[in-house]
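One letter stands for each residue in the lines below.
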Amino acid sequence: MSNKINNKINEALYNFYLKADKDIIDDSLRDAIQNLEEYNKKKKQIIFLAQAKAQQKQNEYLKELLNKFKEGINENIDRPVAILKQIIQNNPSFAMYCNIEKLSNEDIIEILKDKNLVELLEQLEENDQSH
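In this text, all values refer to a predicted model and were calculated from it rather than measured experimentally. The numbers attached to residues start from 1 for each chain and follow its sequence in the written order. Confidence filtering applies because this is a predicted model: local features only for residues at pLDDT of at least 70, side-chain atom pairs given and counted only at 80 or more, and all residues used for totals across whole chains, interfaces and linings. Here the side-chain values reflect all heavy atoms present in the structure, with hydrogen atoms and water set aside.

This part takes up a nonpolar patch on the surface. Put simply, a patch holds well-exposed residues, over 30% relative accessible area, that have no salt bridge, with like charges counted together within 9 Å and Val, Leu, Ile, Met, Phe, Trp or Tyr side chains within 5 Å. Calculation of accessible area relied on Shrake-Rupley with a 1.4 Å probe; when residues are assessed, cover is drawn exclusively from the protein chains displayed. Definition used for salt bridges: Asp or Glu carboxyl oxygen within 4 Å of a side-chain nitrogen of Lys or Arg. On the surface, a cluster of nonpolar side chains totalling about 510 Å² of accessible area is made up of Ile 5, Ile 9, Leu 13, Phe 16, Tyr 17 and Ile 24. Mapping Phe 16 onto the fold places it in helix 1 (residues 3-19). Exposure remark for Phe 16: the relative accessible area of 39% places this residue in the partly exposed category. For the purposes of this entry, the term helix denotes a DSSP run of H or I that reaches at least four residues, the term strand denotes a run of E that reaches at least two, and both are numbered from the N terminus. Relative accessibility decides the category of a residue: with a 1.4 Å probe and only protein chains considered, values under 20% of the type maximum give buried, values over 50% give exposed, and everything between is partly exposed.

When charges are tallied, Lys and Arg are placed among the positive residues and Asp and Glu among the negative ones, while His and the ends of the chain are skipped. Every charge is mapped onto a representative atom, which is NZ of Lys, CZ of Arg, CG of Asp or CD of Glu. Together, Glu 64, Glu 119, Glu 122, Glu 125 and Glu 126 make up a region of like negative charge exposed at the surface. Take the negative patch: its biggest share by element is 4 residues, from helix 6 (residues 117-130). Since its relative accessible area comes to 34%, Glu 64 is described here as partly exposed.

Another aspect to go through is the layout of surface pockets. Its boundaries defined by the atoms lining it, the largest pocket holds a volume of some 170 Å³. Taken together, Lys 22, Ile 25, Asp 26, Leu 29, Arg 30, Leu 36, Tyr 39, Asn 40 and Lys 43 form the lining of the largest pocket. Residue assignment for the lining of the largest pocket shows that the elements contributing at least two residues are helix 2 (22-32) and helix 3 (36-74). Tallying contributions element by element places helix 2 first for the lining of the largest pocket, with 5 residues. Classifying every residue of the lining of the largest pocket by side-chain character gives 4 nonpolar, 1 polar and 4 charged. A cavity here means a set of 1 Å grid points, computed over protein atoms only, where a 1.4 Å probe fits but cannot escape. A pocket is an open set with protein on both sides within 12 Å along at least 5 of 7 lines, and lining residues have an atom within 4 Å of a point. Grid points are joined across faces, edges and corners, and a volume is the space filled by probe spheres set on the points. Each residue is assigned to one class: nonpolar for Ala, Val, Leu, Ile, Met, Phe, Trp, Tyr, Cys and Pro, charged for Asp, Glu, Lys and Arg, and polar for all the others, Gly among them.

Further remarks concern the packing of helix 3 against helix 4 (residues 78-90). At their nearest, the axes of helix 3 and helix 4 sit 8 Å apart, and the two run at 110° to each other. Classified by the angle their axes make, helix 3 and helix 4 are roughly perpendicular. Read as a crossing pair, helix 3 and helix 4 show a hand that is left-handed. Of helix 4, the residues touching helix 3 (which contributes Lys 68, Phe 69, Gly 72 and Ile 73) are Pro 80, Val 81, Ile 83 and Leu 84. Residue composition of the contact of helix 3 with helix 4, grouped by class: 6 nonpolar, 1 polar and 1 charged. Lines are fitted to the C-alpha atoms to define the axes, a helix being fitted only along its stretch in contact, and any angle between axes, read from their N-to-C directions, falls within 0 to 180 degrees. Relative orientations are named as follows: roughly parallel for angles under 35 degrees, roughly antiparallel for angles over 145 degrees, roughly perpendicular for angles from 65 to 115 degrees, and oblique for any other angle. A crossing counts as left-handed when the near helix is turned anticlockwise from the far one by less than a right angle, and as right-handed when that turn is clockwise. The contact definition used throughout considers only heavy atoms, calling two residues in contact when any of these lie within 4.5 Å.

Below, the discussion takes up the packing of helix 3 against helix 5 (residues 105-112). Closest axis-to-axis distance for the helix 3/helix 5 pair is 10 Å, and the angle between their directions is 120°. Considering the angle they form, helix 3 stands oblique to helix 5. Where helix 3 crosses over helix 5, the two elements pack in a sense that is right-handed. Here helix 3 contributes Leu 62, Leu 65, Leu 66, Phe 69, Lys 70 and Ile 73 to the contact with helix 5, which in turn contributes Asn 105, Ile 108, Ile 109 and Leu 112. Among the residues making up the contact of helix 3 with helix 5, the classes are represented as 8 nonpolar, 1 polar and 1 charged.

What we call a nonpolar core is a set of buried Ala, Val, Leu, Ile, Met, Phe, Trp, Tyr and Cys residues that are connected through their side-chain atoms within 4.5 Å. If you look at the biggest cluster of nonpolar residues, it comprises 18 residues, and the most contacted ones within it are Leu 65, Phe 69, Leu 84, Ile 108 and Leu 112. Going through the elements one at a time, helix 3, helix 4, helix 5 and helix 6 are the ones with two or more residues in this core. Among all residues touching Ile 108, those that are not within four sequence positions of it are Leu 66, Phe 69, Lys 70, Ile 73 and Leu 103.

Expected span of a helix: the number of residues minus one, times 1.5 Å. Here helix 3 spans 56 Å end to end across 39 residues, near enough to the 57 Å set by a 1.5 Å rise per residue. Those residues of helix 3 not exposed but buried are Leu 62, Leu 65, Leu 66, Phe 69, Gly 72 and Ile 73. Backbone geometry just downstream of helix 3 places Asn 76 in the positive-phi region, at approximately 55°.

So this is what it looks like as structure tokens:
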């Protein structure tokens with residue numbers, strides 16, 4: 001069978017599983033998988049590893065952002081300080097963080113915790129490239 005036909009079949013199966021009812025998928029799996037218990041164990045392992053990898057990536061972004069903000073505060077670079085002030089102003093629970101120069105690493109992490117880290121990194125890198 002040609003690759004083109006295989007790709008079409010795989011795409012059709014993918015679309016079917018996206019739209020199919022969970023019970024239909026479970027029935028299909030029972031028919032196709034000899035050891036459902038082993039399959040479920042492997043599935044849980046893959047989900048766990050994927051979540052761990054996502055958390056690791058999130059932590060890397062947070063660390064990179066922390067370094068950029070600390071560097072910006074220490075060197076008095078306008079853009080990182082302005083972004084941090086904007087985040088603080090948009091969230092009244094951070095009102096106690098009025099002196100940005102005295103923020104600890106933990107304070108900055110707490111401020112950034114619920115933000116889109118990738119978007120913030122892109123904003124800071126965009127500023128780096130324009131200067």
